[in-house]
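Letter by letter, the chains look like this.
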Amino acid sequence: MAFLLKRLPATARPLATLNRTSFPLAARYLSTPATQVACNSEEPTFLQSVEKYYDHAANLSEVQTHTLAHLRAVDSVLRVTFPIEVENGKYEVIEGYRAQHSRHRLPVKGGIRFSEEVDLQEVEALASLMTYKCAVVDVPFGGAKGGIKIDPSKYTVAQLERITRRYTMELCQKKFIGPGLDVPAPDVGTGPREMAWIMDTYAQFNVGDVNAAGCVTGKPLSMGGVRGRTEATGLGVFYGIREFLNYPEVQEKTGLTGSMSDRTVVVQGFGNVGYYAAKFFEEDGAKVVGVGERDCSIYDPNGLNVEDLHKYYRANKTFRGYSSTATIFDESTKILEVECDILIPAALERQIGMRNVANIKAKVIGEGANGPVTPGAHEALEASGKVVIPDLLLNAGGVTVSYFEWLKNLSHVRFGRMNKKWDERARSKVVALVEENAGRSLTEAERKAIVHGAEEADLVYSGLEDTMIQACQETRQTANLKKVDFRTAAYVNAIQKIAAVYEGSGMLFMH
């Protein structure tokens with residue numbers, strides 16, 4: 001930790017004490033080439049979009065006005081700046097944020113992203129969305145989000161480690177991290193490596209905290225991670241879309257059946273979420289015909305081999321040169337507009353706006369990313385007969401399995417360790433009884449398939465599938481009851497669940 005102590009002191013102050021006019025809108029407005037192609041200048045920002053969705057659902061929620069006002073606001077935001085030595089004695093000032101939207105349940109939960117697009121407004125919007133997301137899937141966390149305003153590709157591993165550890169140190173000093181306070185996770189530009197650095201830094205500043213591993217999720221297995229966390233969000237996207245395609249009203253609206261066989265799928269974003277979503281759809285019989293990334297997109301109506309394409313992309317950082325028969329789109333957002341049954345925007349916010357919504361041909365849009373569709377575009381999609389499965393429901397697989405990892409860290413025991421062999425012995429006795437009465441013995445393969453006890457990955461997958469199915473069914477019920485779209489229904493459910501906690505606790509000092 002000595003290298004941290006040599007750095008100059010940071011400035012860190014709660015943003016509630018700052019004049020908001022010091023952060024001009026132009027500096028805080030998320031604007032990327034993709035959003036410029038998709039969105040008109042008058043369309044709401046990401047934070048405004050979340051607030052608009054919230055306000056619409058709040059009017060239908062039958063929750064008291066003062067509770068709605070409390071729930072709409074972000075509880076706390078931290079902004080930190082600190083210098084880091086980059087090369088030859090030169091220093092660069094790094095800017096980081098952490099927002100806690102609602103502490104109705106503790107700890108609060110939300111990822112940390114490394115991106116040049118990180119700003120105050122983005123982390124506030126994402127923290128708000130995390131609150132609603134946790135409520136939709138009945139994960140007992142409040143919502144939070146954080147980020148560091150850097151492009152991680154421009155830094156060495158050693159520099160990224162110093163940046164991550166220094167940011168974590170600031171969170172520790174301001175009580176913005178801890179197993180019972182605030183539990184970060186991976187997001188855009190971060191992964192298990194960064195989570196391991198965060199956990200180790202927290203442990204160094206909190207010697208004797210036996211639950212230190214629970215201060216962050218998405219860690220490597222060797223550091224207390226859980227099997228299934230890496231693919232959790234993409235798998236949740238698959239479970240959610242599969243469940244909605246089984247509903248008669250969705251089948252009637254889209255003309256699709258519940259079978260995935262020969263369904264055509266397009267994924268925008270080939271990172272963790274997009275890759276695993278595509279992989280699970282392909283394994284279930286669907287045909288992945290298009291994948292989009294930053295520099296270009298690839299489209300082949302005959303289907304793409306997801307695993308081969310992913311290996312090629314990881315090695316070459318582009319789809320160019322992968323196939324002589326596939327079409328390459330230099331304007332990467334064009335992949336959103338190709339013919340397909342299921343479109344999964346799994347990149348960043350505001351990818352489908354009023355400029356390109358009329359060109360969307362997919363029958364089902366499953367939001368793998370946070371906020372990929374603007375409010376105006378959402379209304380246009382619904383009006384044209386398309387089904388939009390919202391982000392706060394569909395990409396909640398990540399926080400669901402993060403919850404499982406947190407439970408594992410607090411219990412200090414691997415899932416399945418206590419009962420796997422007990423279950424196998426019990427099943428073996430049943431198999432022996434069946435063989436005796438049937439007059440024949442099972443083959444070794446048959447016996448293993450029946451007797452096999454649940455391991456950690458089996459339990460995680462089972463828990464995630466059950467959680468997603470239950471949340472989808474609750475969303476469907478509310479949508480049918482109130483005659484609203486699935487996004488509004490999911491927000492209504494979230495608002496009502498959170499309000500029940502606030503009003504049931506009495507909200508200290510509220511009256």
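What counts and what doesn't
Residues numbered from 1 in each chain as written. Predicted model: local features only at pLDDT ≥ 70, side-chain atom pairs only at ≥ 80, totals over all residues. Heavy atoms only, no water. Axes fitted to C-alpha atoms, helices over the stretch in contact; angles between N-to-C directions. Helix = DSSP H or I, 4+ residues; strand = E, 2+ residues; numbered from the N terminus. Parallel < 35°, antiparallel > 145°, perpendicular 65-115°, else oblique. Contact = heavy atoms within 4.5 Å. Nonpolar A, V, L, I, M, F, W, Y, C, P; charged D, E, K, R; others polar. Phe/Tyr/Trp six-rings, centres within 6.5 Å; stacked < 30°, edge-to-face > 60°. Buried < 20%, exposed > 50% of the residue type's maximum accessible area, 1.4 Å probe, protein only. Left-handed = near helix turned anticlockwise from the far one by under 90°. Polar contact = N/O pair within 3.5 Å; in protein donor to acceptor, adjacent residues only side chain to side chain. Salt bridge = Lys/Arg side-chain N within 4 Å of Asp/Glu carboxyl O. Pairing = 2+ DSSP bridges. Core = buried A, V, L, I, M, F, W, Y, C linked by side-chain atoms within 4.5 Å. Expected span 1.5 Å × (residues − 1).

> Describe the packing of helix α5 (residues 65–72) against helix α19 (residues 486–505), with residues and values.
Two elements in contact, α5 and α19, have axes whose closest approach is 10 Å; the angle formed by their N-to-C orientations is 105°. Here α5 lies roughly perpendicular to α19, going by the angle between them. Within the contact between the two elements, α5 uses T67, L68, H70 and L71 and α19 uses I495, I498, A499, Y502 and E503. Class assignment of the residues belonging to the contact of α5 with α19 gives a composition of 6 nonpolar, 2 polar and 1 charged.

> Please set out the packing of aromatic side chains residue by residue, giving values where relevant.
Counted according to the given criterion, the structure contains 20 aromatic pairs. Measuring from centroid to centroid gives 5.1 Å for F141 and W406, while their planes differ by 80°, and the two rings are edge-to-face. Of this pair, F141 sits in the loop between α6 (120–136) and β5 (142–148) while W406 sits in helix α15 (residues 397–411), and the two are 265 residues apart along the sequence. Of the two residues examined, F141 and W406, each falls in the buried class. A ring pair is formed by F238 and Y239, whose centres lie 6.0 Å apart and whose planes are at 45°; its orientation type is tilted.

> Let's hear about the environment of P372: which residues, and what values?
With respect to the element layout, P372 can be found in the loop between β12 (364–366) and α13 (375–383). For P372, a relative accessible area of 0% corresponds to the buried category. In this structure, the C-alpha to C-alpha distance between P372 and L348, residues 24 residues apart in sequence, is 6.2 Å.

> An account of the packing of α15 against helix α18 (residues 456–482) is needed here, citing residue identities and associated values.
Interhelical geometry of α15 versus α18 gives an angle of 135° and a closest axis separation of 10 Å. The angle between the axes of α15 and α18 places the two elements in the oblique class. α18 is crossed by α15, and the crossing has right-handed handedness. Between α15 and α18, the contacting residues are G397, T400, V401, F404 and K408 on the first element and E456, V460, G463, L464, T467 and M468 on the second. Taken together, the residues of the contact of α15 with α18 break down into 5 nonpolar, 4 polar and 2 charged.

> A description of the side chain of R79 should follow, citing residues and the corresponding values.
Checked against the element boundaries, R79 lands in strand β2 (residues 76–87). Judged by relative accessible area, which is 17%, R79 ranks as buried. For R79, the side chain forms a polar contact with the side chain of E95, separated by 3.3 Å.

> Tell me about the pattern of salt bridges, residues and numbers included.
Applying the stated criterion to the full structure yields 37 salt bridges. E456 is the partner of K408 in a salt bridge, and the nearest nitrogen-oxygen pair spans 3.1 Å. Highlighted residues: K408 in helix α15 and E456 in helix α18, separated in sequence by 48 residues. For E456, a relative accessible area of 2% gives the class buried. What you see here is one network of salt bridges that share partners, running through R113, E122, K145, D187 and E349.

> Got a sec to walk through the environment of V430? Specific residues and values, please.
For V430, the location among the structural elements is in helix α16 (residues 420–438). With 268 residues separating them in the primary sequence, V430 and R162 have C-alpha atoms 56 Å apart.

> Give a description of the sheet that holds strand β8 (residues 287–292) that names residues and reports values.
Taken together, 7 strands build an open sheet; the order of strands is β10-β9-β8-β7-β11-β12-β13 and the sheet is mixed. The sheet is open, and its two borders are formed by β10 (327–329) and β13 (387–389), each paired with just one other strand. Direction aside, the axes of adjacent strands within the sheet are offset by 20° on average. As judged from the 3 bridges shared by strand β9 (residues 297–299) and β10, these two strands associate in the antiparallel manner.

> Please set out the pairing of strand β6 (residues 182–186) residue by residue, giving values where relevant.
Burial of β6 is extensive: 4 of the 5 residues sit out of reach of the surface. Inspection of the sheet shows strand β4 (residues 108–114) paired to β6 by 5 bridges, in the parallel sense. Note on β6: the bridge partner recorded for I112 is P186.

> An account of the nonpolar core is needed here, citing residue identities and associated values.
One finds Y132, I241, F281, I342, I344 and Y491 to be the most contacted residues of the largest nonpolar core, which totals 87 residues. The element that contributes the greatest number of residues to this core is α19, accounting for 10 residues. With sequence-adjacent residues up to four places away left out, I344 is seen in contact with V237, I241, V265, V266, V267, Q268, A277, F281, G366 and G368. One finds F82, Y155, F176 and C215 within the second-largest nonpolar core, a separate group that totals 25 residues.

> Describe unusual backbone geometry, listing the residues and the values that go with them.
Residue P107 is bonded to the preceding L106 through a cis peptide linkage, with omega at 0°. Within the secondary structure, P107 is located in the loop between β3 (90–102) and β4. A positive phi angle, near 60°, is found at E62, a position not held by glycine. Position of E62 relative to the elements: it lies in the loop between α4 (46–58) and α5. The phi angle at D138 is positive, at roughly 55°, despite the residue not being glycine. The topology assignment puts D138 in the loop between α6 and β5.

> Which residues make up α15, and what values do they have?
With 15 residues, α15 ought to run about 21 Å at 1.5 Å a step, and its terminal C-alpha atoms sit 21 Å apart, in line with that. Taken across its 15 residues, α15 has 12 buried, putting it largely inside the fold. Within the span of α15, buried status applies to G397, G398, V399, T400, V401, S402, Y403, F404, E405, W406, K408 and N409. Buried residues belonging to α15 abut β4, α6, β6, α9 (232–244) and α18.

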